[in-house]
Amino acid sequence: MQTSQPILHPETVKFLEVIEEIKETNRLLKVEPKTNSGISSIIYPTDRTIFSKLKNGMRKRVPMDALRELAKHFKIDMKYIFYDGFEINYFPEVLQNSATNSKASFNVSDDHLRIINKNNYNALGLTMKLYEQMMTLLEQNRNLSEKQKVKSK
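So, how was this worked out
Think of each chain on its own: its residues are numbered from 1, step by step along the sequence as written. Since the coordinates come from a predicted model, pLDDT governs what is reported: local features require at least 70, and pairs of side-chain atoms require 80 or more to be given and counted, while whole-chain, interface and lining totals use all residues. For the side-chain quantities, the full set of heavy atoms in the structure was used; hydrogens and water were omitted. Working definition: helices are DSSP H or I runs of at least four residues, strands are E runs of at least two. Numbering for both runs from the N terminus. Between buried and exposed lies partly exposed: a residue is buried under 20% and exposed over 50% of the maximum accessible area for its type, with that area taken using a 1.4 Å probe on protein chains only. Note on definitions: a residue-residue contact is assigned when non-hydrogen atoms from the two residues lie within 4.5 Å. For the accessible areas, the method is Shrake-Rupley and the probe is 1.4 Å, while residue cover comes only from the protein chains on display. Geometry of aromatic contacts follows a simple scheme: Phe, Tyr and Trp rings, the Trp one being its six-membered ring, pair when their centres are within 6.5 Å, and the pair is stacked under 30 degrees between planes, edge-to-face over 60, tilted otherwise. Residues adjacent in sequence count toward polar contacts only when both atoms are side-chain atoms; beyond that, a polar contact is any pair of N or O atoms within 3.5 Å, and within protein one must be able to donate a hydrogen and the other to accept it. The rule for a salt bridge is simple: a side-chain nitrogen of Lys or Arg has to be within 4 Å of a carboxyl oxygen of Asp or Glu.

Whenever I open this one, the overall build of the protein confuses me. Can you help?
Secondary structure assignment for the protein yields seven helices and two strands. Its helices and strands taken in sequence order, the protein reads α-α-α-α-α-β-β-α-α from the N to the C terminus. Taken over 153 residues, the protein has a buried fraction of 29%. Put simply, of all contacts in the protein between residues at least 6 apart along the chain, 53% involve residues at least 24 apart. For the protein, the accessible surface area stands at approximately 11000 Å², while carbon and sulfur atoms represent 55% of it.

Just to check I follow, could you spell out the side chain of Lys-23 for this structure?
Structurally, Lys-23 is set in helix H1 (residues 10-29). Residue contacts for Lys-23: discarding those within four places in its chain leaves Lys-34, Thr-35, Asn-36 and Ile-39.

How should I be thinking about the packing of aromatic side chains in this particular structure?
The relative placement of two aromatic rings is captured by the distance of their centres and the angle of their planes. Taken as a whole and assessed by the stated rule, the structure comprises one aromatic pair. Between the aromatic rings of Phe-15 and Phe-51, the centroid separation amounts to 6.0 Å while the plane-to-plane angle is 45 degrees, which identifies the pairing as tilted. With Phe-15 in helix H1 and Phe-51 in helix H3 (residues 50-55), this pair connects stretches of sequence that are 36 residues apart. This pair shows no difference in class: Phe-15 is buried, exactly as Phe-51 is.

It is not clear to me how the environment of Arg-48 should be interpreted in this structure. Could you clarify?
With respect to the helices and strands, the residue Arg-48 is situated in the loop between helix H2 (36-43) and H3. Separated by 11 residues in sequence, Arg-48 and Ser-37 have C-alpha atoms that sit 5.9 Å apart. Leave out the neighbours within four places in its chain, and Arg-48 touches Ser-37, Ser-40 and Ser-41. A polar atom in the side chain of Arg-48 sits 3.3 Å from the side chain of Ser-37.

What is the right way to look at the side chain of Ser-40 in this model?
Tracing the backbone through its elements, the reader meets Ser-40 in helix H2. Judged by its relative accessible area of 0%, Ser-40 is buried. A polar contact is formed between the side chain of Ser-40 and the backbone oxygen of Ser-37, at a distance of 3.1 Å.

Is there a simple way to think about H2 in this case?
Given 3.6 residues to a turn, an α-helix orients residues that are three or four positions apart in the same direction. All of the buried residues in H2 are Gly-38, Ile-39, Ser-40 and Ile-43. On its buried side, H2 packs onto H1, H3 and helix H4 (64-74).

What exactly am I supposed to notice about the pattern of salt bridges here?
Once their charged atoms are close, side chains differing in charge can pair, the charge on each being opposite to the other. Following the criterion strictly, the structure yields 11 salt bridges and no others. With a closest N to O distance of 3.0 Å, Glu-24 and Arg-27 form a salt bridge. With Glu-24 and Arg-27 both in helix H1 and three residues apart, the pair spans about one turn of that helix. Overall, Arg-27 belongs to the partly exposed group, its relative accessible area being 42%. With a shortest N-O distance of 3.4 Å, Arg-68 and Asp-65 are connected by a salt bridge. Residue Arg-68 and its partner Asp-65 are located together in helix H4, separated by three residues, close to a single helical turn. Under the relative-accessibility criterion, Asp-65 is labelled partly exposed at 41%. Three or more residues joined by partner-sharing salt bridges are found here, namely Asp-65, Arg-68, Glu-69 and Lys-72.

Remember, this is a structural readout, not a statement about activity or role.
This is the structure:
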């Protein structure tokens, strides 16, 4: 006998999408928090199982405290949750090493950035696409100028 999936409110689905985006981005960048437990301890410390309760339908709505803390701590625009046509655009802040007062450097490949920004309309994804197009144009320009040098000789 199959158990039916609970019907979730659209706001709850989008809230859970934000949580997954934060986890995936932080996992790829090797920054904390990168687990449900770590994120829930920040945004809703009174119930660290809030995400599983929302997924399973045990809780119908996302607590306002959790929404407020999510927006405040992770700097997420809450329009994404309540309106269509907005993107998550989560970018973690780079932490500073207090001993050296220098920024930590992250080595992130283009593939990782594409995974982070699955949607081509995200700001970083769009910037990367423009950069790739610019590099292609520069290469074409370089090839064209080399051909012109050969013809002029």
